[in-house]
Amino acid sequence: MFAVENGLQGDPRLQAISDAIRVIPHFPKTGIMFQDITTLLLDPVAFKHVVDIFVARYKHMNISLVAGVEARGFIFGPPIALAIGAKFVPLRKPGKLPGRVISEEYELEYGSDRLEMSVEAVQSRERALVIDDLVATGGTLSASINLLERAGAEVVECACVVGLPKFKGQCRLKGKPLYVLVEPSQFDELTL
C-alpha cells in the first residue's frame, strides 16, 4: 500500500521526499533508473519526514524488532526503532556478522545474493518490521521475512521509502503487508 492510499493523500511531506531522491539513469547497469537516496539523506527535512511518517504508522503496533536490510535499511531502521522503543536487527550480506548466523538466498533484478542474520538477534514471537529503501521485485523483502520467521518472529509489515507502482512481488511477501512512501519519479525503465 502506498502512503497516499492510507490517509496521506496530498501530504506535502511525500512530495518533499520524492523531490529529494535523485534518479541516476543506467546505474549500476544499462536500463536501470537508480533511485539514489543519498540526496534524501543530505536534506534533513525530507529525511526527518521519512522517519516521522514511519514512526507515526508503527508506534502503536507493538513492534519489538525493526530489521534493516543492508545497507540502506541500516539508515532508516535505527531511528525508527529508537522512536518506537524497539531493537534494531541488521540483516547483512554474507560474512559480515560474527557468531552463528542463518542465511537466505534470493534473486535480484540483476543477479542473486544472500542475507544473513545472527541467530541470537531474534526471540520467538517477537513482532517485527522489515525496512529497506526500495522494493522492486520483493526478493530482498521475501528473504528478510523468511529469515525472521525461521527465527520465530512474526513479521507485521514491510516498509520501504520507494516502491514501484506496478509492484508484482506481493505474492513473494507471504501475505505480509507492504507500506511504501513514494513511487519512483522516473519510471520508464527498470527502476532500482
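Right, let's walk through the structure included here. (Residues numbered from 1 in each chain as written. Predicted model: local features only at pLDDT ≥ 70, side-chain atom pairs only at ≥ 80, totals over all residues. Heavy atoms only, no water.)

Further remarks concern the state of the cysteines. Across all of its chains, the model carries zero disulfides by this definition. Here cysteine 158 stays free of any disulfide, with the sulfur of cysteine 160 as its closest cysteine sulfur at 7.0 Å. Look at cysteine 158 and you get buried, because its relative accessible area is 0%. For cysteine 160, a relative accessible area of 0% puts it in the buried group. (Disulfide = S-S within 2.5 Å. Buried < 20%, exposed > 50% of the residue type's maximum accessible area, 1.4 Å probe, protein only.)

Right, let's talk about the packing of helix α3 (residues 44-58) against helix α4 (residues 73-84) for a bit. Across the interface, α3 lies against α4 with an axial gap of 9 Å and an inter-helix angle of 45 degrees. Taken together, the axis directions place α3 and α4 in an arrangement best described as oblique. Our pair here, α3 against α4, has a crossing hand that is right-handed. Contact residues: α3 offers Phe47, Val50, Val51, Phe54, Val55 and Tyr58, while α4 offers Ile75, Phe76, Pro79, Ile80, Ala83 and Ile84. When the residues that make up the contact of α3 with α4 are grouped by side-chain class, the tally is 12 nonpolar, no polar and no charged. (Axes fitted to C-alpha atoms, helices over the stretch in contact; angles between N-to-C directions. Helix = DSSP H or I, 4+ residues; strand = E, 2+ residues; numbered from the N terminus. Parallel < 35°, antiparallel > 145°, perpendicular 65-115°, else oblique. Left-handed = near helix turned anticlockwise from the far one by under 90°. Contact = heavy atoms within 4.5 Å. Nonpolar A, V, L, I, M, F, W, Y, C, P; charged D, E, K, R; others polar.)

Moving on, we come to the packing of aromatic side chains. One pass over the structure, following the stated rule, counts five aromatic pairs. Seen in terms of ring centroids, phenylalanine 74 and phenylalanine 88 are 6.0 Å apart; in terms of plane orientation they differ by 90 degrees. Their pairing is edge-to-face. Here phenylalanine 74 is found in helix α4, whereas its partner phenylalanine 88 is found in strand β4 (residues 87-91), with 14 residues between them in sequence. An aromatic cluster of three or more residues is present, and its members are Phe54, Tyr58 and Tyr179. (Phe/Tyr/Trp six-rings, centres within 6.5 Å; stacked < 30°, edge-to-face > 60°.)

Read across the open sheet, the five strands follow the order β4-β3-β7-β8-β9; overall the sheet is parallel. Strand pairing shows two members of the sheet lacking a second neighbour, β4 and β9 (178-182), which therefore form its edges. If you compare each strand with its neighbour and ignore which way they point, the axes differ by 25 degrees on average. Sheet analysis places strand β8 (residues 154-163) next to β9, joined by four bridges and oriented parallel. Within the sheet, the bridge partner assigned to alanine 159 lies in β9 and is tyrosine 179. (Pairing = 2+ DSSP bridges.)

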